[in-house]
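Architecture at a glance
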Amino acid sequence: MSNLSLRFLSGVPLVAMAAALLVLGVQRVTPPPAAAAPDFDFGAALIDEGRMNDALAWYEGQARDDAPASLRMLAATADLVNDEAARTTALSRLVRSGAATLQEHVEAAELLAGAGALHQALTILYNAEKRFAGILDEPFLAFYAALARDAARKDIALPLARRMWTRTNSERVLKILVGLS
Amino acid sequence: MVRIFAFLALVLASLTAVSASRAEVLPRVVIVVTDGAPDSLAARLGVPALQRLGLVPEIYRADIGLPELDGRKDVAGVLIWLDEGRVADGAAFLAWVRRLTTLNLPLALMGTTPSIEDRFGLFVSLGVLYSVEDRSYTYDLTAIAKDQVLLEPRRRFGRVWPATDQIRPLEPPPSEAALTLQRGTDSTDRTMPLLFTPRVAYAAPGYAVWRSADGKQAAWMIDPAAWFTRAFRLGVRPAPDAGLINARRIFAPALAPADEAAAPRVLRAATGLGHAQPLDVMLDPPSGGQIAATCGQGARARFFGFDGLLGLNGDGAISPVVTMCSDDPETARAAVQAAYAYAASHPVLTAAISLTDVEMGFASAEIDALGQASWRIRNRGALQTLRFSAAGLTRVDWYASEGVIGAARVGDALVVSLDPDVAEPVVAISRDPWELPPFAVLVESRWLVSGLARDADNAAMHLQGYGRGDMVWQVEPRSEWEVRFKPESGATTRWRAVAGDDGLIAMSLPAQGANGAQLEFERQDYAGAGP
């Protein structure tokens, strides 16, 4: 085999490697976004380890976009670490997002009322009245009426009391209605 | 006739002597009535709190059946703590509770109110006036009286109180409310969700324990020790403690192998504290906490960032359970070695101790009250510690005690260490001003101390333990001693020790106590012998 042939044969792999380098080497390998395991909750792991405040900070970050599930986790974690202000804020944001249940409306209103923010609490119950008109019960009305009375806005709760009285003829509702009238 | 009188007098005298010598056995059993699964709140929170007080819980299910307590002399009280309020038969439950009150058994009622038809009757039988509260909101409730000792030991109530029904005492003067809430400014509109009546200690739902919405997390809102002490009228009494020996937390790691064949490989490698040690092997490990390593979780082998996981911040013994797979002995080995490294660098007790034996001793121990401040302990097995909670200025009366090696303060408790070689020690306490013990007394020790013989100038004992023998003794201030240490198979080593103004001698004996050793003190300045 001639010297030229040898040079040619040894050059083939080099050329192939160069071609491969050109094609593959300059490409940045971009792995697909690493999806977290669907059943893994880092915040829950932190709670399991007793790192409650870290868990609260984690869920605060998760809830930046006001996703209802994240806000619920934030509210639950705030309850866990006994941070009433954080829980109030989380539930209020959940109510504002429109995704809160009736119970979450009531809890948010209780916390706000306990903190002295009667008008904000009343606003939340007013929204609950509009959003859950079909499932409101006497305990809700009792709370609504007490809050309306304490906030000097009996007129807010009066229509609901009248409607419930018409619907139920309940003695307790009548008592509330009289108190509001 | 004279003979008859003499005979009767002798009989009377002997009967009197017998009754005088019969000590009163302290009841220690608490009947715990629950309706939940094994992870009920009563089991998760109530049982450890009762055990911390030296009480022995006996658990029954209200939705299955209730125990007959007539004739039981060992019952200190009854705890009814339902999670969901389920009872098998409401009428039978009410009759059972009424029977308890006639037996004068202290009763604590917590958790969900029992679902029985005659709730009002149930509460009246306990000296409580109960009515359903229609107003479920509580934002306008204000605490106007609050027992600061009992409430909020760690977790605090928020501005919104848990919803509660109307609770008032039937007999206000003997009853005491630990918490009185008032609605608005109406002083007639009050409720007392934490209440002690002559027949019951009652905690309304949500007022003794906080529980997360998913039920997984729970925390005391009241001090359980203060609550149960008051509920069961315990007064001052020694509490057997299964978590401590010689004023140190027992360190007892265990290995839970997937199969028995894998265990020896880890056991061989699990040397630490200077000597191979026995390691409990649990083929059926408990679920839940204190699992230090599991298959495929190598990170957990390095577990000492996880104090909560191991219970390092708790009260009882430290007993991490290292679980392992047959194909992953390395993880288990690392976890075991990390456990030993922890034990070597922390003040724990590292000796040949079986936690099971200690716990059996806890359950079997009988305490005879010999007087107001003296108790004899019988049938205690491997249990070596008694604790007086909230001891204040209480101290051991060394002259009236027998078989007591030493005593120490752990938190607010007085912890008394018993001699394992003394079958029926007597512990006496005093509130008189502190005075110097008449001999050397142990404060704390990493090793077991037994067979202690001592007088004013000498002390001799047997030791056993792993790692270095760190221990502290209390002697007369500024006294001088010769310390002689002889391992089971080794030569005697002597040191000279001089106590400072605090009268403490702290020593760290060589790590040669695994197979046992002898230790002696002998006083050298002969202060006790006079000038």
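Numbers given to residues run from 1 along each chain, matching the order in which its sequence is written. Here chains are named by letter from A upward and ligands by number from 1 upward, in the order in which they appear as written. Reporting in this predicted model follows two pLDDT cut-offs: at least 70 for local features of residues, and 80 or more for side-chain atom pairs to be given and counted; totals over whole chains, interfaces and linings ignore these cut-offs and use all residues.

Concerning the overall build of chain A
The following threshold applies: Where helices and strands are cited, they refer to DSSP runs of H or I of at least four residues and of E of at least two residues respectively, numbered from the N terminus. In this scheme the burial state of a residue depends on its C-beta neighbours within 10 Å: 20 or more other such atoms mean buried, 12 or fewer mean exposed, and anything in between means partly exposed; the C-beta positions come from the backbone. Here, residue contact means that the backbone-derived C-beta atoms of the two residues sit within 7 Å.
For chain A, the count of helices and strands is ten helices and zero strands. Start at the N end of chain A and walk to the C end: the helices and strands fall as α-α-α-α-α-α-α-α-α-α. Sorting the 181 residues of chain A into buried and exposed places 34% on the buried side. For chain A, restricting intrachain contacts to residue pairs at least 6 apart in sequence, the fraction spanning at least 24 positions comes to 40%.

Considerations on the overall build of chain B
Assigned secondary structure in chain B consists of nine helices and 38 strands. A buried classification covers 40% of the 531 residues belonging to chain B. Within chain B, contacts between residues separated by at least 24 positions form 73% of all contacts whose residues are at least 6 apart in sequence.

Some words on the packing of helix 3 (residues 52-62) of chain A against helix 4 (residues 68-80) of chain A
Residues and elements named next belong to chain A. In plain terms, the rule: Axis geometry follows a simple rule: fit a line to the C-alpha atoms, using only the stretch in contact for helices, then measure angles between N-to-C directions, giving values from 0 to 180 degrees. Reported orientations rely on four angle classes, namely roughly parallel under 35 degrees, roughly antiparallel over 145, roughly perpendicular from 65 to 115, and oblique for the rest. When the near helix sits turned anticlockwise from the far one by under a right angle, the crossing is termed left-handed; a clockwise turn instead gives a right-handed crossing.
Running from N to C, helix 3 and helix 4 cross one another at 160°; their axes reach a closest spacing of 9 Å. As summarised for this structure, helix 3 and helix 4 are arranged roughly antiparallel, according to the angle between their axes. Note that helix 3 runs across helix 4; the crossing there is left-handed. Only Ser70, Met73, Leu74, Thr77, Ala78 and Leu80 of helix 4 make contact with helix 3, whose side of the interface consists of Met52, Ala55, Leu56, Tyr59, Glu60 and Gln62.

Here we look at the interface of chain A and chain B
Here is the rule: Lys, Arg, Asp and Glu make up the charged group, whereas Ala, Val, Leu, Ile, Met, Phe, Trp, Tyr, Cys and Pro make up the nonpolar group; the residues left over, Gly among them, are polar.
The interface of chain A with chain B comprises 18 residues on the first partner and 18 residues on the second. Secondary structure elements with two or more residues in the side of chain A that touches chain B: helix 4, helix 6 (102-114) and helix 8 (138-150) of chain A. Residue contributions to the side of chain A that touches chain B peak at five residues, all from helix 8 of chain A. Looking at the side of chain A that touches chain B residue by residue, the classes come out as nine nonpolar, three polar and six charged.

Description of the domain arrangement of chain A
Residue and element names in this part refer to chain A. Our working definition: Segment limits for the domains were obtained from an automatic or database-derived domain assignment.
Domain annotation for chain A reports domain 1 (42-100) and domain 2 (102-181). The C-alpha centroid of domain 2 is placed 27 Å from the C-alpha centroid of domain 1. Between domain 1 and domain 2, the contact holds eight residues from the first and nine residues from the second. Residues of the side of domain 1 that touches domain 2, tallied by class, amount to four nonpolar, two polar and two charged.

Here's the deal with the confidence of the model for chain A
The cut-off we apply is this: Summary of the metric used: pLDDT quantifies the predictor's per-residue confidence within the range 0 to 100.
Here chain A shows a mean pLDDT of 84. Residues at 70 or above account for 78%. Confidence over residues 26-37 of chain A falls short of pLDDT 50; this stretch has zero contacts with residues more than four positions distant or in other chains.

A short note on the sheet that holds strand 16 (residues 248-250) of chain B
All names here are of chain B. Which entries qualify depends on this criterion: Note on pairing: two strands pair once DSSP finds at least 2 bridges between them.
In spatial order, the strands read 15-16-23; together these three strands make up an open sheet with mixed pairing. Every interior strand has two partners, whereas the edge strands, strand 15 (244-245) and strand 23 (348-349), have only one. Here strand 15 pairs with strand 16 via two bridges, running antiparallel. Paired with Leu244 across the strands is Arg249, a residue of strand 16.

Quick look at helix 7 (residues 118-131) of chain A
Basically, it comes down to this: Given the number of residues in a helix, its expected span is that number minus one, multiplied by 1.5 Å.
Between its first and last C-alpha atoms helix 7 of chain A spans 20 Å; for 14 residues at 1.5 Å apiece the expected length is 20 Å, and the two agree. The inward-facing, buried residues of helix 7 of chain A contact helix 5 (84-97), helix 6, helix 8 and helix 9 (154-168) of chain A.

Remarks on the nonpolar core
The criterion, for reference: Note on terminology: a nonpolar core is any set of buried Ala, Val, Leu, Ile, Met, Phe, Trp, Tyr and Cys residues joined through C-beta atoms within 7 Å.
Leu141, Tyr144, Ala145, Leu147 and Ala161 of chain A together with Leu79 of chain B are the most contacted members of the largest nonpolar core, which has 185 residues in total. For this core, the leading source of residues is helix 8 of chain A, giving nine residues. The residues touching Leu147 of chain A, leaving out its near neighbours within four places in the chain, are Ala109, Ala113, Leu118, Ala121, Leu122 and Leu125 of chain A.

A short note on unusual backbone geometry
Positive phi is not limited to glycine here, since Ala152 of chain A has a value of about 60°. Along the chain, the position of Ala152 of chain A falls in the loop between helix 8 and helix 9. Overall, Ala152 of chain A belongs to the exposed group, with 9 C-beta atoms counted inside 10 Å. For Ala247 of chain B, which is not glycine, the phi torsion reads 65° and is therefore positive. Using a count of 24 C-beta atoms within 10 Å as the deciding quantity, one classes Ala247 of chain B as buried.

As for the confidence of the model for chain B
Residues and elements named next belong to chain B. Model confidence for chain B is summarised by a mean pLDDT of 86, while 83% of its residues fall at 70 or above. Ignoring residues within four places in sequence, the model shows residues 15-21, a span with pLDDT below 50, making zero contacts including any to other chains. Long-range and interchain partners of residues 298-306, a stretch whose pLDDT sits below 50, account for 19 contacts in this model, where long-range means more than four residues apart. Of the two predicted TM-score estimates for the complex, the pTM is 0.83 and the ipTM is 0.75.

Describing the pairing of strand 5 (residues 107-111) of chain B
All names here are of chain B. What counts, and what does not: By convention, orient the strands away from the viewer: a clockwise path from the first strand over the helix to the second makes the crossover right-handed.
For strand 5, the tally of buried residues reaches five of five residues, placing the bulk of the element in the interior. Sheet analysis places strand 4 (residues 75-82) next to strand 5, joined by five bridges and oriented parallel. Across the sheet, Leu82 pairs through a bridge with Gly111, a residue of strand 5. In this view, the connection linking strand 4 to its parallel neighbour strand 5 by way of helix 3 (residues 90-102) has right-handed handedness. Strand direction decides the pairing type here: strand 5 and strand 11 (residues 200-203), joined by three bridges, are parallel. Bridge assignment links Ala108 to a residue of strand 11, and that residue is Ala201.

Quick word on the pairing of strand 10 (residues 190-196) of chain B
All names here are of chain B. Burial runs high along strand 10: six of the seven residues are buried. Both strand 9 (residues 176-183) and strand 10 contribute to a ladder of five bridges, which runs antiparallel. Paired with Leu181 across the two strands is Thr191, which belongs to strand 10. Linking strand 9 to strand 10, which pair antiparallel, is a turn of six residues; within it Gly184 sits at a positive phi near 55°.

Looking at the environment of Gly43 of chain A
All names here are of chain A. Along the chain, Gly43 turns up in helix 2 (residues 42-48). By C-beta crowding, Gly43 is classed as buried, having 22 other C-beta atoms within 10 Å. Leave out the neighbours within four places in its chain, and Gly43 touches Ala55, Trp58, Tyr59, Met73 and Thr77.

Examining helix 5 of chain A
All names here are of chain A. In this model helix 5 runs 20 Å from its N-terminal to its C-terminal C-alpha over 14 residues, within 8% of the 20 Å that 1.5 Å per residue would give. Among the residues of helix 5, those classed as buried are Arg87, Thr88, Ala90, Leu91, Ser92, Leu94 and Val95. In this structure, the buried residues of helix 5 make contact with helix 4, helix 6 and helix 7. The positive-phi residue at the C-terminal boundary of helix 5 is Gly98, with phi of around 85°.

Thoughts on the environment of Ala344 of chain B
Along the chain, the position of Ala344 of chain B falls in helix 8 (residues 329-345). Considering only alpha carbons, one finds Ala344 of chain B and Arg468 of chain B, 124 residues apart in sequence, at a separation of 8.2 Å.

Section: the sheet that holds strand 30 (residues 426-430) of chain B
Strand order in the open sheet made by the five strands is 1-24-25-30-27 (chain B), with antiparallel pairing throughout. Two strands bound the open sheet, and with one partner strand each, they are strand 1 (24-25) and strand 27 (395-396) of chain B.

Concerning the packing of helix 9 of chain A against helix 10 (residues 171-180) of chain A
In a pair of packed helices, the angle between the axes and the distance between the axes together describe the arrangement. Residues and elements named next belong to chain A. For the pair helix 9 and helix 10, the least separation of the axes is 9 Å and the interaxial angle reads 150°. In terms of their interaxial angle, helix 9 and helix 10 are classed as roughly antiparallel. Where helix 9 crosses over helix 10, the two elements pack in a sense that is left-handed. Of the residues in helix 10, those touching helix 9 at Lys154, Ala157, Leu158, Ala161, Arg162, Met164, Trp165 and Thr168 are Val173, Leu174, Ile176, Leu177 and Leu180. Split into classes, the residues belonging to the contact of helix 9 with helix 10 amount to ten nonpolar, one polar and two charged.

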